[in-house]
Amino acid sequence: MRIIFKTSYLQDIKLLKHNGYIFWYGVLLFALLIAPAVLGEFYIGEMAFIFIYAIAGLGLMILVGFTGLPSLGHAAFMAIGAYANAYFLHKGVPFLISIFLAGLISFGVGALITVPLRRMTGIYFAIASLAFAIIVEEIIAHWKSVTGGLGGMSVDNPVIFGFELDSTWHFYFLCLAILLAVLYCTLNLIRSPSGRAFIAIRDSEISAESMGINLSIYKIKSFAISGCFTGLAGALFAHRLSFLTPDAFNFLLSIQLLMMVVVGGLGTVHGAIFGAIFVGLLPQVIAIAKDYLPPAIGQFPGLEPGLFGIIMVLFIIFEPMGLYGRWVKFKLFFDMFPLYRKATFKRQKTYLKTERVQ
Amino acid sequence: MTFFKAENISIDFGGIRAVNDVSFDVEKGTIFTIVGPNGAGKTTIFNIISRIYNLTEGRIIFEDKDITRLPAHQVVNLGIARTFQNIELFEHATVLHNLLIGRHIYCRSTFFSDLFFLPSVKRMELELRRKVEDVIDFLDLQHYRNQLIQNLPYGVRKIVELGRALCTEPKLLLLDEPASGLNVDETENMSFWIDDIKKLLGISVIMVEHNMNLVSQVSDHVLAINYGRVLADGTPKEVQTNPDVIKAYLGEDKDV
Amino acid sequence: MEFLQVLITGLGQGCLYGLIALGFVLIYKATEIVNFAQGDLLMLGAFFAVTYIGILDLPYWLGFLLTIISMAVFGYLLDMLVIRSMIGESQLSIIILTISIGFILRAVAGGIWGSDILSLETPYSGEMANIEGLVIGQEYLVVIAGTIVLSVILFLFFKFSSLGIAMQASSQNQLAAYYMGVPVKRVFSLIWAISALVAAVAGTLMAPISLVDPQMGFIGIKAFAAAVIGGFGSLPGALIGGLIIGISEQLAGTYLPTGFQEITAYLIMFLVLTLRPKGLFAQIQQKKV
């Protein structure tokens, strides 16, 4: 196993901790760059979809995983980003400005909605964010002049400097570029004072406050940037859907986003990416599995959400650290071989952690 | 100049007066200890000073400034840092990160410079680490620097929490039961550290503590309270021999 | 007249919200678990009722009784087999767990009963009560009466039965209750059973009004708003929150432009939380340090 000897403070704040990282992430990036040349159009499209999920996942991870505020309403930001982007494109705004505005509006809405939500924690926050998403969905359904209401609205292809992005691989690179930018910003945030303040709020509000962290301000920052990233994902999602209706952004999408970060592994950047891959691939896997299952089960209506639910339950009970947690264990097993002990990650059984005063 | 002064502070919780007309002064450069049986209102006084609770009556003065209505997150800016009775560290972060959060008030970056990690943020981060490293050396925490809090033994967590408070470079340190849960050796170490904090760093301390050995070893002044009222006030020796205090701890009609 | 009619419909609807909210609060008070599958328990209860009464053609009251028993057993087993292992985990994990259970229940119900929309015939279906010129569907009156009866039974149970008192003790202080010899684990499972039972009653009462399909559990989302308005720790608060939402929703549907009916519940919730951040009958206090 590799032991890193730190000889300067700079090593603490570098993004790529050692040469192994540079090599493997370089390989990954190279593979992603040549993928459109190697893989078929269907797979490229699906990968672009996973990138969109990953962008939204990073946004949600900042809020849920790092600041500890469980949002059940992030579909609202997807919707705001998607509709804003589609609306500005219709008005003839160039794509780059339009998607920027979509992110900006989501940022603003995120900041505004935190004002009533900032004193809430835990379940109150979750339910209030859920209510927020439902209100946004209703507004979209009734604001016909902008959103087309229940009838929906079409989305124009993005055009960058006169060059129309109309094929799948154009879209693939667009999503990849935005994902990389969002990833970079997220990593920066985590290693800077703001990110540390988020983590402090997550782990203990009371002591964060006693260390001089203004809870309201940092919650607003966290929600705003989370909304912004999710809004960017929504703007891209609009192009993927190419026709927007309010019910594409319902409660189930919020849940799917939340499940994504939980399955991936809360509180890690890797987790958002792993979760996106998982949620993106799951429908394909289920579709393939359907063919091999006996027809009585394969044709079972509601098989997909049901299986989704079962997988989630198993994850929550047996692997609360998510896919990333599993990956860390897997790596450690080989690093330590043959010394790995199962108990390394054994969780201490806790009694009910109460939030109430006894 | 008044360094620290609590004037006739009282607080009600749903009709119960948890702290009743308590006044005390803390002189700069001294260690002031509050003792009293469980439920006497000691931690409540700490929570009042760090502005978690709102006072019902009275005032709190720190360096001639009335801090009675200050927002909780601004208390540390004035130079008052605290630790908690049951340890409130950031469990899923490393020791280094916890200490860095202790330096939060010295972070002068904007949200957007953080987002892009501009060179100014990088310089600031390096500077923060240099300062934190002083505290790590002072408390001998080198070995634990990159460990997660949740993997540390209780005694070490207590020290990390002390370290986090020191990172804010306070003028006044509030220690809520620094020795609770520590064994004899660790308590001994803690008493040396508290002494060092006073003598080497020149920080004044208000402490809540049950361990009378520790109290008489380090305190300059002791305040005994019970049922939210002041019982006695004086040097450790005076308070320990005060008949009211003995009665409060041991009950009536007992020969000591 | 129209106003009174709207009021009574709202009252009936509000009772349903209140009953679901009651289920949330029962479980939350005892175990600090927020059961996002409560609405789906109601859905399951409605399907049981349809099966016993509609399909198996049992007498109404027998079917009602069987529904309650089946759901209580289901709630008990759900806690014993799945939820119990999660005690002490983070609240977010538990939220996700119960949402996932909701997914599974919906899928299972869809698989067993199909996605066709069923409805429940009752002895009182379609009958109209005529009270001094007011024509009101009997179904709504039955909902209101059922809610009152159930509330009284629950009140008496928690106040006087030793099991009810043990439950209250364990929800106030788990450890102390355990030391006093209360079998806390079994008590928690019983609370889940009671909560599922309440959902079954709500489902059976709701079945004749709304249509029975796997998606009917989404009514639970509005009941959340009711529970939050009531303070999320108070049983009467949950019922009152439900009534507030039910009535104002019907009023909004009648007197405000379309679209408002759907979001009234949440607007009221935001309003209440802005004025009283912990709800109207708050019992949850700040964490102690």
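What counts and what doesn't
Residues numbered from 1 in each chain as written. Chains lettered and ligands numbered in written order. Predicted model: local features only at pLDDT ≥ 70, side-chain atom pairs only at ≥ 80, totals over all residues. Heavy atoms only, no water. Axes fitted to C-alpha atoms, helices over the stretch in contact; angles between N-to-C directions. Helix = DSSP H or I, 4+ residues; strand = E, 2+ residues; numbered from the N terminus. Left-handed = near helix turned anticlockwise from the far one by under 90°. Contact = heavy atoms within 4.5 Å. Pairing = 2+ DSSP bridges. Buried area = accessible area lost by both parts, 1.4 Å probe. Salt bridge = Lys/Arg side-chain N within 4 Å of Asp/Glu carboxyl O. Phe/Tyr/Trp six-rings, centres within 6.5 Å; stacked < 30°, edge-to-face > 60°. Buried < 20%, exposed > 50% of the residue type's maximum accessible area, 1.4 Å probe, protein only. Lys NZ or Arg CZ within 6 Å of the ring centre and 35° of its normal. pLDDT = per-residue confidence, 0-100. Patch = residues over 30% accessible without salt bridge, like charges linked within 9 Å, V, L, I, M, F, W, Y side chains within 5 Å. Areas by Shrake-Rupley, 256 points an atom, 1.4 Å probe, with all protein chains shown as cover.

## Considering the packing of helix H12 (residues 251–264) of chain A against helix H15 (residues 303–318) of chain A
How two helices sit against one another is set out by the angle between their axes and by the gap between those axes.
Residue and element names in this part refer to chain A.
Right, so step 1: The contact between H12 and H15 brings their axes to 11 Å, and the two run at 35°. The interaxial crossing formed by H12 with H15 has left-handed handedness. Here H12 contributes Gln256, Met259, Val262 and Val263 to the contact with H15, which in turn contributes Phe308, Met312, Phe315 and Ile316.

## Brief notes about the sheet that holds strand E1 (residues 4–13) of chain B
Residues and elements named next belong to chain B.
Right, so step 1: Read across the sheet, 4 strands follow the order E2-E1-E4-E5 without closing on themselves; strand pairing throughout is antiparallel. What marks the edges here is a single partner per strand, and that holds for strand E2 (16–26) and strand E5 (65–66).
Right, so step 2: Relative to E2, E1 runs antiparallel, the two sharing 7 bridges. The residue of E2 that forms the bridge with Asp12 is Arg17.
Right, so step 3: Running at roughly 70° to E2, helix H1 (residues 42–49) makes contact with E1, E2 and strand E4 (57–62) of the sheet.

## Description of the interface of chain B and chain A
Right, so step 1: Of the residues lining the interface, 39 residues belong to chain B; the matching set on chain A comes to 34 residues.
Right, so step 2: Summed over both partners, the interface of chain B with chain A buries about 3,300 Å², with 69% contributed by carbon and sulfur atoms.
Right, so step 3: It is B:His73, B:His104 and B:Phe111 in chain B that bury the most area against chain A; as a group they hold 21% of the surface buried on that side.
Right, so step 4: Seen at the junction of chain B and chain A, the total is 1 salt bridge.
Right, so step 5: Notably, a salt bridge pairs A:Arg196 with B:Glu125, separated by 2.9 Å at the nearest N-O pair.
Right, so step 6: Among the secondary structure elements, those contributing two or more residues to the side of chain B that touches chain A are helix H3 (95–102), helix H4 (111–116) and helix H5 (119–138) of chain B.
Right, so step 7: Counting residues per element, the side of chain B that touches chain A draws most heavily on H5(B), at 9 residues.

## Describing the packing of aromatic side chains
Right, so step 1: For the structure on display, the rule yields 39 aromatic pairs over all chains.
Right, so step 2: Ring centres 6.2 Å apart and planes at 40° place the aromatic pair A:Phe107 and B:Phe112 in the tilted group. With one member in each of two chains, A:Phe107 in helix H5 (residues 95–117) and B:Phe112 in helix H4 form a pair that bridges those chains.
Right, so step 3: For the ring pair C:Phe24 and C:Phe224, a centre distance of 4.1 Å and an interplane angle of 10° mean the geometry is stacked. Of the two residues, C:Phe24 sits in helix H1 (residues 2–31) while C:Phe224 sits in helix H9 (residues 219–230), which places them 200 residues apart along the sequence. C:Phe224 matches C:Phe24 in its accessibility class, with the two residues each being buried.
Right, so step 4: Grouped by ring-pair contacts, the aromatic residues A:Phe49, A:Tyr53, A:Tyr83, A:Phe237 and A:Phe249 constitute a single cluster.
Right, so step 5: Positioned above the aromatic ring of A:Phe49 is the side chain of A:Arg240, whose terminal nitrogen or guanidinium carbon lies 4.0 Å from the ring centre.

## Quick notes on the confidence of the model for chain A
All names here are of chain A.
Right, so step 1: Across chain A, the average pLDDT comes to 86, with 91% of residues at 70 or higher.
Right, so step 2: Mean pLDDT values for the elements of chain A range from 66 in helix H14 (residues 295–298) up to 96 in helix H11 (residues 215–241).
Right, so step 3: For residues 349–358, every residue scores under 50 in pLDDT, and the model assigns this stretch 32 contacts once sequence neighbours within four places are set aside.

## Section: the interface of chain A and chain C
Right, so step 1: Opposite the 50 residues of chain A that make contact, chain C presents 58 residues.
Right, so step 2: Of the roughly 4,800 Å² buried between chain A and chain C, counting both surfaces, carbon and sulfur atoms make up 72%.
Right, so step 3: Between the two partners, chain A and chain C, sit 0 salt bridges.
Right, so step 4: Mapped by element, the contributors of at least two residues to the side of chain A that touches chain C are helix H6 (122–142), H12 and H15 of chain A.

## Here we look at the sheet that holds strand E8 (residues 204–208) of chain B
All names here are of chain B.
Right, so step 1: The 6 strands are arranged E6-E7-E8-E3-E9-E10 in an open sheet whose pairing can be described as mixed. Every interior strand has two partners, whereas the edge strands, strand E6 (80–82) and strand E10 (229–234), have only one. Going from strand to strand, the sheet's axes swing by 15° on average, the running direction of each strand aside.
Right, so step 2: As paired elements, strand E7 (residues 172–176) and E8 share 5 bridges and run parallel to each other. Opposite Leu175, over in E8, you have Met207 as the bridge partner.

## Quick word on the pairing of E8(B)
Residue and element names in this part refer to chain B.
Right, so step 1: Most of E8 sits out of view: 5 of its 5 residues are buried.
Right, so step 2: Residues Ser204, Ile206 and Val208 of E8 are buried on one face, and the alternating residues Val205 and Met207, pointing to the opposite face, are buried as well.
Right, so step 3: Pairing of strand E3 (residues 31–35) with E8 involves 4 bridges; the strand directions are parallel. Across the sheet, the residue bridging to Ile31 is Val205, located in E8.

## Things to note about a nonpolar patch on the surface
Right, so step 1: On the surface, A:Leu15, A:Leu16, A:Tyr21, A:Ile22, A:Tyr25, A:Leu28, A:Tyr184, B:Phe112, B:Phe116 and B:Leu118 cluster together into a nonpolar patch covering about 890 Å² of accessible area.
Right, so step 2: Where the nonpolar patch is concerned, the elements lending two or more residues are helix H2 (19–38) of chain A together with H4 of chain B.
Right, so step 3: If one sorts the elements of the nonpolar patch by residue count, H2(A) sits on top with 4 residues.
Right, so step 4: For A:Ile22, the location among the structural elements is in helix H2.
Right, so step 5: The class for A:Ile22 is partly exposed, based on a relative accessible area of 45%.

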